[in-house]
Amino acid sequence: MRVWVLVKLSLDTSQLRFSGDRVLIEETPLRINDIDRNAVEEAVRLKERGIARNVNILTVLKYPPLKDRVREAEGLIRQLLAMGADEAYIIADDGLLLTDPMATSLVASEVIKANGYDIIIAGEASIDGYSGQVPIMVAARLGIPVITYVKELKVENGVVTARRDLDNETQLVSSRIPLVVSVTREINMPRIPTVIQIRLAIKKPIKLLTLSDINVKVNRVVNVKDIRAIQVNRKGVIIDSGSVEEKADKLIDYLIKDNALR
């Protein structure tokens, strides 16, 4: 059984660089999307149980500058290979920079289709975009089922049984392979690779591909000009006189005048 893991190298939201309210994309470092580590862990566990024959990582680079991001990506992907994945595919092309989830799903599905697949695992969403659309779009393009928000996963005799964590209920569903699964943080605790595993990961293959390599043309539906931070302008009202009760009354008066209380 061949298992793929969709990994996004997201903007590190804890280290965003700004100029005014504009996010400096080129200067903000990347990080492995948090929930995608859970996806890799689950795939490696399938391999350890003898269910998966090999585990492939697939990432599509979305942020400029491309040359620097490729070097950055190789270092980050090595961390996932050290966890137990077998090989990785990095799709890097100027035509993919700042594109939307539709472009990501198109490229990912074409690479996966060309190399064969049984189960495709992804995190439920990314820490920067948080659209949660790519796993569903990949399933649609491949014409296979998708199970989202999975917090427990079992594979037996070609059937995947999953426990889905929804807002108001938990569902137990099943489907035959091939299929796409998106997982939540609750599904497992990602392992920390040992020093030996990190050294061995250096020898594992990382294949760098462009759009021409996979014979795909991307038509931009969305053009991202820049990314801006939400700015909150505070009122700066300070109530520093009177008793606690008087301060509370003054606060309520201010809130009513500001239409915060109705």
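Residues numbered from 1 in each chain as written. Predicted model: local features only at pLDDT ≥ 70, side-chain atom pairs only at ≥ 80, totals over all residues. Heavy atoms only, no water.

Chemist: What is the right way to look at the overall build of the chain in this model?
Modeler: Along the chain, the regular secondary structure elements total six helices and 14 strands. In the chain, buried positions account for 43% of the 262 residues. Sequence-distant contacts in the chain: of pairs separated by 6 or more residues, those separated by 24 or more amount to 75%. With the model as given, the accessible surface of the chain reaches about 14,300 Å², and the carbon-plus-sulfur share is 50%. Each charge class in the chain was averaged separately, 38 positive and 35 negative side chains, and the resulting centres sit 5 Å apart. (Helix = DSSP H or I, 4+ residues; strand = E, 2+ residues; numbered from the N terminus. Buried < 20%, exposed > 50% of the residue type's maximum accessible area, 1.4 Å probe, protein only. Contact = heavy atoms within 4.5 Å. Areas by Shrake-Rupley, 256 points an atom, 1.4 Å probe, with all protein chains shown as cover. Lys, Arg positive; Asp, Glu negative; His and termini not counted. Charge placed at Lys NZ, Arg CZ, Asp CG, Glu CD.)

Chemist: Explain the pattern of salt bridges here, please?
Modeler: Inspection of every chain in the model, using the stated rule, returns 17 salt bridges. Between Arg-228 and Asp-226 there is a salt bridge, with its nearest N and O atoms 3.3 Å apart. By relative accessible area, which is 48% here, Arg-228 ends up partly exposed. Three or more residues are tied together by salt bridges with common partners; here these are Asp-12, Arg-31, Asp-34 and Arg-185. (Salt bridge = Lys/Arg side-chain N within 4 Å of Asp/Glu carboxyl O.)

Chemist: Just checking my understanding: could you explain the nonpolar core for this structure?
Modeler: Generally speaking, nonpolar side chains in soluble globular proteins are found buried as a group. Grouped together as the largest cluster of nonpolar side chains are 47 residues, with contacts concentrated most on Leu-9, Ile-57 and Ile-77. Core analysis: the second largest hydrophobic core is formed by 25 residues, Ile-91, Val-134, Leu-142 and Leu-211 among them. (Core = buried A, V, L, I, M, F, W, Y, C linked by side-chain atoms within 4.5 Å.)

Chemist: Explanation requested: the sheet that holds strand E10 (residues 159–165) in the structure shown.
Modeler: Strand pairing in a sheet takes place through backbone hydrogen bonds and is either antiparallel or parallel in direction. Ordered by their spatial adjacency, nine strands build an open sheet running E11-E10-E9-E12-E8-E1-E6-E7-E13, and the pairing between neighbours is mixed. What marks the edges here is a single partner per strand, and that holds for strand E11 (170–176) and strand E13 (206–209). Ignoring which end each strand starts from, the neighbouring axes of this sheet average 30° apart. One ladder, built from six bridges, connects strand E9 (residues 146–156) with E10; its direction is antiparallel. What sits directly across from Glu-156, in E10, is Val-159. The sheet contacts of helix H3 (residues 101–115) involve strand E1 (2–6), strand E6 (54–60), strand E7 (87–91) and strand E8 (119–123), and relative to E1 the element is tilted by about 165°. (Pairing = 2+ DSSP bridges. Axes fitted to C-alpha atoms, helices over the stretch in contact; angles between N-to-C directions.)

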